[in-house]
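Per-entry structural report
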Amino acid sequence: MGEVLIMGAEVIVTMDGARRELAGADLVLRDGVIAAIGADLHSSGEIVHAQGCVVTPGLVNTHHHLYQTLTRAVPGGQDALLFGWLKTLYPIWARMGPEEIRVSAQVGLAELALSGCTLSSDHLYMYPGGARLEDTIHAAAELGLRFHPTRGAMSIGQSAGGLPPDSLVEDESAILNDCIRVIDAFHDAGEGSMCRVGVAPCSPFSVSRGLMRDAALLARDKGVMMHTHLAENDEDVAYSLAQFGCRPGDYARDLGWVGEDVWHAHCVKLDGVEIDLFAATKTGVSHCPCSNCRLGSGIAPVRAMRDAGVRVALGVDGSASNDAGSLIGEARQAMLLQRVQNGADAMAAREALEIATLGGAQVLGRPDCGVIAPGKRADIAIWDVSGLEAAGAWDPVAALVLCGPSKVRDLFVEGRQIVRDGQITTLDMPRVIAHQNRLARALMA
Ligand SMILES: [Zn+2]
């Protein structure tokens with residue numbers, strides 16, 4: 001792989017141990033890693049001028065359902081709470097197949113890339129029409145994004161007292177066997193990995209206790225991470241109390257779902273005891289502020305979590321409940337929501353940026369990402385702060401979260417440029433978008 005010199009950035013935000021911000025510095029990317037950072041660097045490789053730009057580590061998205069880019073702004077789901085929203089959308093999702101899963105993943109990941117994301121997880125918990133996890137893995141590889149897909153699952157259908165229709169649930173032994181298949185085929189545990197597979201039963205209200213427990217045993221046997229939804233809103237907590245006789249945190253702990261190899265989406269309704277449990281066990285949280293607003297779920301206690309030492313990251317969540325997929329927008333929303341709840345000093349712009357970068361890398365178990373320092377992976381976002389959105393800003397780093405821009409100028413993943421001058425370089429996006437719109441129209445019919 002070649003070498004790239006990023007020259008003369010207005011400021012490089014390193015997210016290193018001292019949280020250094022280097023004015024006027026250069027950066028050399030070589031063979032997928034950051035080779036050097038400092039003043040007056042030289043290179044025989046490609047030169048990218050970064051005057052008027054803020055350079056940050058690539059942002060990390062820790063929760064998504066990429067297939068939902070095909071069901072944005074669905075009329076029946078626009079104003080519903082979580083459970084009613086799900087019941088509206090399940091029958092539509094049941095009509096999808098491999099092509100829908102692949103194209104929608106390309107759309108969702110491209111949208112993330114333009115908003116500064118270099119590493120994204122995905123939570124695919126239904127496999128209609130013969131779809132498979134690799135439909136998303138191939139989409140991410142074509143785009144060039146670093147990808148952590150999770151093999152999700154639902155096993156308790158309506159006839160058994162669950163929420164999803166029976167046509168979308170799978171047999172539990174088949175689920176576990178397919179988890180083994182995709183881990184063996186696609187999981188790369190090595191440093192610099194472009195694909196790590198996780199195990200991710202959808203939620204306590206759509207799988208059995210047995211599957212939650214067995215999935216955790218399988219994930220630990222294979223050395224992969226575990227992910228699910230937890231304590232998303234009041235209905236979710238009420239379901240846990242009624243069905244399991246305990247709060248979501250107790251349920252997670254009893255079934256092995258705490259630890260540094262676990263991250264839970266949402267956690268809007270964690271109480272003080274659960275926050276202490278997550279801190280003590282190093283369990284990660286994917287905070288999805290726009291989705292929580294959109295579904296009226298509430299404000300996650302992120303300030304209390306961070307103060308207690310809980311590892312918090314950001315997620316855009318699925319595109320049927322956001323319905324946008326802007327990760328830098330999510331950082332802004334996270335900052336604003338904590339201020340609504342706790343006052344104007346509750347979260348600084350720089351803390352939101354840290355959660356979006358370093359925080360995400362830590363939650364996904366990637367010490368090789370999320371920081372700009374020699375030896376770390378060359379995942380870099382370049383933001384042009386010389387344009388309209390940040391015009392007049394006094395502090396370009398804070399401006400990224402407080403003002404904009406909302407899209408990157410350039411983006412590098414593993415040293416490869418996948419966004420140049422605001423355009424995806426690896427896919428024919430007008431074609432992908434037209435294809436997606438054809439598929440969406442067919443689902444409406
Ligand atoms: Zn979700």
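Computed from a prediction, not measured in an experiment: that's the story for all the values here. (Residues numbered from 1 in each chain as written. Predicted model: local features only at pLDDT ≥ 70, side-chain atom pairs only at ≥ 80, totals over all residues. Heavy atoms only, no water.)

Things to note about the coordination of the zinc ion
- Every protein donor of the zinc ion is accounted for by H63 (NE2), H65 (NE2), H229 (NE2) and D317 (OD), and the metal-donor separations fall at 2.1 to 2.5 Å.
- Each of the 4 donor atoms bound to the zinc ion contributes to angles spanning 87 to 174°, and the resulting shape is irregular.
- The sequence pattern describing where the donors of the zinc ion fall on their chain is H-x1-H-x163-H-x87-D. In this pair, H65 is assigned in the loop between β8 (59–61) and α1 (82–93) and D317 in the loop between β15 (311–314) and α11 (327–342), connecting sequence segments 252 residues apart. Neither residue differs from the other here; H65 and D317 are each classed as buried. (Donors = N, O, S within 2.8 Å, 3.2 Å for Na, K, Ca; no water. Tetrahedral: all angles 85-135°; square planar, octahedral: opposite > 155°, others 65-115°. Helix = DSSP H or I, 4+ residues; strand = E, 2+ residues; numbered from the N terminus. Buried < 20%, exposed > 50% of the residue type's maximum accessible area, 1.4 Å probe, protein only.)

Structural notes on the pattern of salt bridges
- Tallying each qualifying case throughout the model produces 31 salt bridges.
- Taking the shortest distance from any N to any O, the salt bridge between R19 and E354 comes out at 3.0 Å. Of this pair, R19 sits in the loop between β2 (11–13) and β3 (21–23) while E354 sits in helix α12 (residues 349–363), and the two are 335 residues apart along the sequence.
- Taking the relative accessible area as the measure of exposure, E354 reaches 17% and is therefore buried. (Salt bridge = Lys/Arg side-chain N within 4 Å of Asp/Glu carboxyl O.)

Brief notes about the nonpolar core
- Counting 126 residues, the largest nonpolar core has W85, W93, W257, F278 and I424 as the members making the most contacts within it.
- Looking at which element gives the most residues to this core, the answer is helix α2 (residues 98–114), with 9 residues.
- With residues near it in sequence (within four places) discarded, F278 still touches L230, V258, H264, C267, L270, T283, G284, V285 and V310.
- I6, I12, I34 and V55 belong to the second-largest nonpolar core, a separate cluster that totals 19 residues. (Core = buried A, V, L, I, M, F, W, Y, C linked by side-chain atoms within 4.5 Å. Contact = heavy atoms within 4.5 Å.)

A word on unusual backbone geometry
- Omega for the peptide link from N322 to D323 comes to -10°, which places this bond in the cis form.
- For the bond from G404 to P405, the omega torsion is 10°, close enough to zero to count as cis.
- Relative to the assigned elements, P405 resides in the loop between α13 (396–402) and β17 (410–413).
- Positive phi outside glycine occurs at D31, with the angle close to 50°.
- Relative to the helices and strands, D31 resides in the loop between β4 (26–30) and β5 (33–38).
- Judged by relative accessible area, which is 47%, D31 ranks as partly exposed.
- The phi angle at K282 is positive, at roughly 60°, despite the residue not being glycine.
- For K282, the location among the structural elements is in the loop between α8 (272–281) and β14 (284–287).

Some words on the sheet that holds β2
- The sheet built from 7 strands is open, its strands ordered β3-β2-β7-β16-β17-β18-β19 with mixed pairing. Bordering the open sheet on either side are β3 and β19 (423–424), each of which pairs with just one other strand. (Pairing = 2+ DSSP bridges.)

Quick look at the UniProt feature "domain: Amidohydrolase-related" (unreviewed entry) in the protein
- Per the UniProt entry, the sites bearing "domain: Amidohydrolase-related" (unreviewed entry) are residues 54–416 in this numbering.
- Secondary structure content for residues 54–416 is 40% helix and 15% strand, while the C-alpha to C-alpha distance between its ends is 19 Å. (UniProt positions renumbered as here; feature names shortened; annotations may be inferred.)

Considering the packing of helix α3 (residues 134–143) against helix α4 (residues 172–186)
- Remark: α3 packs on α4, axes separated minimally by 12 Å, with the N-to-C direction vectors making an angle of 25°. When the interaxial angle is binned, α3 and α4 end up roughly parallel. Of the two possible hands of crossing, α3 and α4 adopt the one that is right-handed. Contacts from E134, I137 and H138 of α3 reach α4 at R181, V182 and F186.
- Residue composition of the contact of α3 with α4, grouped by class: 3 nonpolar, 1 polar and 2 charged. (Axes fitted to C-alpha atoms, helices over the stretch in contact; angles between N-to-C directions. Parallel < 35°, antiparallel > 145°, perpendicular 65-115°, else oblique. Left-handed = near helix turned anticlockwise from the far one by under 90°. Nonpolar A, V, L, I, M, F, W, Y, C, P; charged D, E, K, R; others polar.)

Comments concerning α2
- Between the first and last C-alpha of α2 there are 25 Å, a value that for 17 residues agrees with the 24 Å anticipated at 1.5 Å per step.
- Note on α2: the residue one or two positions beyond its end, G116, has a positive phi of about 100°. (Expected span 1.5 Å × (residues − 1).)

Topic: the state of the cysteines
- Tallied over the full model, the rule gives 0 disulfides.
- Left unpaired, C290 is separated from the closest cysteine sulfur, that of C293, by 6.3 Å.
- Residue C290 is classed as buried on the basis of its relative accessible area, which comes to 17%. (Disulfide = S-S within 2.5 Å.)

Overview of the packing of α2 against helix α14 (residues 429–444)
- Contact pair α2 / α14: the axes reach a minimum separation of 10 Å and the direction vectors enclose 130°. Put simply, α2 runs oblique to α14. You can see that α2 and α14 cross each other, and the crossing is left-handed. On α14, the residues touching E99, E100, R102, V103, S104, Q106, V107 and A110 of α2 are M429, V432, H435, Q436 and L439.
- Within the contact of α2 with α14, the residues separate by chemical class into 6 nonpolar, 4 polar and 3 charged.

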